[in-house]
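Take a look at the letters that make up each chain.
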Amino acid sequence: MQRSDSDIVFQSYGRCCNTEQFFVDFYDRFMGSSKDIRALFANTDMKAQRHLLRNGIMQLVLHARGMPDTKLRALGKSHDRNGYNIHPEWYRLWFDALLATLRQHDKEFTPEIEAAWNRAILPGIEIISQAY
Ligand code: HEM
């Protein structure tokens, strides 16, 4: 990852994360991608969950900017087989929903920005999913 990737991603997220609708659209997409995923959030307070996710994505962005992985390891633990039991292959659907929602909301989105998101946050997603 280049230093500029994390800057590009930080700014792209900044253009999106202050709109609650960004997180509404993300969860509509993510839950629409699989019945199993929808079932996991059946009893979830989605308003609270949107706020938690806003922070969770920020943790991925900050990790790309050099922050230690402590917070991501904690997310790995809550999502592991003894926690929410989030199968590693579901993270691809999560990331696809995120990219589609960024494409929708980031007015400056380009293929270069998409490539920067890939390079910057896939390593952090791996930390969470591999804790399974
Ligand atoms: C809870 C972030 C991927 C399902 C949470 C929370 C955060 C978070 C911050 C709340 C804090 C916690 O309980 O630890 C993330 C991030 C992800 C990710 C950053 C991607 C790297 C996934 C995936 C699924 C999922 C792929 C399902 C397929 C859940 C569930 C909860 C949760 C079921 C608990 C909801 C509840 O309290 O009812 N996630 N998550 N997450 N996440 Fe994730």
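Everything here concerns the structure above.
Computed from a predicted model, the values in this text were never measured in an experiment.

The rules behind the values
Residues numbered from 1 in each chain as written. Predicted model: local features only at pLDDT ≥ 70, side-chain atom pairs only at ≥ 80, totals over all residues. Heavy atoms only, no water. Near = heavy atom within 4 Å. Polar contact = N/O pair within 3.5 Å; in protein donor to acceptor, adjacent residues only side chain to side chain. Helix = DSSP H or I, 4+ residues; strand = E, 2+ residues; numbered from the N terminus. Nonpolar A, V, L, I, M, F, W, Y, C, P; charged D, E, K, R; others polar. Donors = N, O, S within 2.8 Å, 3.2 Å for Na, K, Ca; no water. Core = buried A, V, L, I, M, F, W, Y, C linked by side-chain atoms within 4.5 Å. Buried < 20%, exposed > 50% of the residue type's maximum accessible area, 1.4 Å probe, protein only. Contact = heavy atoms within 4.5 Å.

Undergrad: Report on the site of the ligand, specifying residues and quantitative values.
TA: Around the ligand there are 17 residues in total, and Thr44, Ser78, His79, Tyr84 and Trp94 lie nearest to it. Between the ligand and His79, the relevant distance is 2.9 Å, taken from a nitrogen atom to a side-chain nitrogen or oxygen of the residue. With respect to the ligand, the side chain of Tyr84 contributes an N or O atom lying 2.3 Å from an oxygen atom. Of all the elements in the fold, those that place two or more residues in the shell around the ligand are α3 (35-40), α4 (46-64), α5 (70-78), α6 (90-105) and α7 (111-129). Examining the composition of the shell around the ligand, we find that 3 residues originate from one element, α6, more than from any other. When its residues are assigned to classes, the shell around the ligand shows 13 nonpolar, 4 polar and no charged.

Undergrad: Now, about the coordination of the iron atom of the ligand: what can you tell me, with residues and values included?
TA: Just one protein atom donates to the iron atom of the ligand; it is His79 (NE2), sitting 2.1 Å from the metal. Here His79 lies in the loop between α5 and α6.

Undergrad: Can you tell me about the nonpolar core, naming the residues and giving the values?
TA: Counting residues in hydrophobic clusters, the biggest one holds 37 residues, and the most contacted among them are Ile57, Trp94, Leu98, Trp117 and Ile121. Residue assignment for this core shows that the elements contributing at least two residues are α1 (3-14), α2 (20-32), α4, α6 and α7. Every residue in contact with Leu98, bar those within four places of it in the chain, is listed here: Phe22, Phe26, Ile57, Trp117 and Ile121.

Undergrad: Report on the environment of Tyr132, specifying residues and quantitative values.
TA: Within the element layout of this structure, Tyr132 appears in the segment after α7. Judged by relative accessible area, Tyr132 falls into the partly exposed class, the value being 21%. For the pair Tyr132 and Gly76, spaced 56 residues apart in the sequence, the C-alpha separation amounts to 6.9 Å.

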